[in-house]
Amino acid sequence: MTHGGEFRRIGVAGHPRHAEMRALIADLQRAAERHGAEVFVEEQLAQHAPGAPFARPGEVDLLVTLGGDGTLLRGARMLDG
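Computed from a predicted structure; not experimentally measured.

A. Layout of the pattern of salt bridges. Scanning all chains against the criterion turns up four salt bridges. Measuring nitrogen to oxygen at the nearest pair gives 2.3 Å for the salt bridge that ties aspartate 27 to arginine 30. On the criterion of helical spacing, the pair formed by aspartate 27 and arginine 30 is a turn pair, its members being three residues apart in helix H1 (residues 21–34). Accessibility expressed as a relative area gives 44% for aspartate 27, which makes it partly exposed.

B. Expanded view of the sheet that holds strand S1 (residues 9–14). Taken together, the three strands give an open sheet; going across it, the order is S2-S1-S3, and neighbouring strands pair in parallel fashion. Edge positions in the sheet fall to strand S2 (38–41) and strand S3 (62–66), since each has one partner strand and no second. The sheet shows a mean angle of 25 degrees between the axes of neighbouring strands, taken without regard to direction. Packed onto the sheet, helix H2 (residues 69–79) meets S1 and S3 and runs at close to 160 degrees relative to S3.

Analysis parameters
Throughout, residues of each chain are indexed from 1 in the direction in which the sequence is written. With the structure being a predicted model, the display of local features is reserved for residues of pLDDT at least 70 and the display and counting of side-chain atom pairs for 80 or more, all residues being used for whole-chain, interface and lining totals. Based on all heavy atoms of the structure, the side-chain values leave hydrogens and waters out of the count. The salt bridge criterion pairs a side-chain nitrogen of Lys or Arg with a carboxyl oxygen of Asp or Glu, the two atoms within 4 Å. Helix and strand labels come from DSSP, where a helix needs a run of H or I of at least four residues and a strand needs a run of E of at least two; each type is numbered from the N terminus. Each residue's exposure class comes from its accessible area (1.4 Å probe, protein chains only) as a fraction of the maximum for that residue type: buried when under 20%, exposed when over 50%, partly exposed otherwise. A pair of strands counts as paired when DSSP detects no fewer than two bridges linking them. Axis lines are fitted to C-alpha atoms, over the contacting stretch for helices. Their N-to-C directions set the angle, which ranges from 0 to 180 degrees. Residue contacts are defined here by distance: any two heavy atoms, one from each residue, within 4.5 Å place the two residues in contact.

Spelled out as structure tokens, the structure:
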């Protein structure tokens with residue numbers, strides 16, 4: 001979880017057919033690493049982020065959604081309240 005108000009576990013929810021998904025996740029992973037954080041992806045994004053751990057409900061400090069309304073709703077479920 002957070003340490004001193006910092007986000008350590010960043011979840012990503014997105015549409016797997018988004019053309020730029022792999023590049024967007026890679027950019028986010030590089031930025032997260034620079035700040036001592038780790039990126040977790042929903043399982044349907046595994047092909048775009050090989051080796052990244054899967055986001056589970058309630059296990060992320062911050063969530064980035066890359067998609068439309070359906071993605072936002074899935075993301076809300078990932079936050080688990």
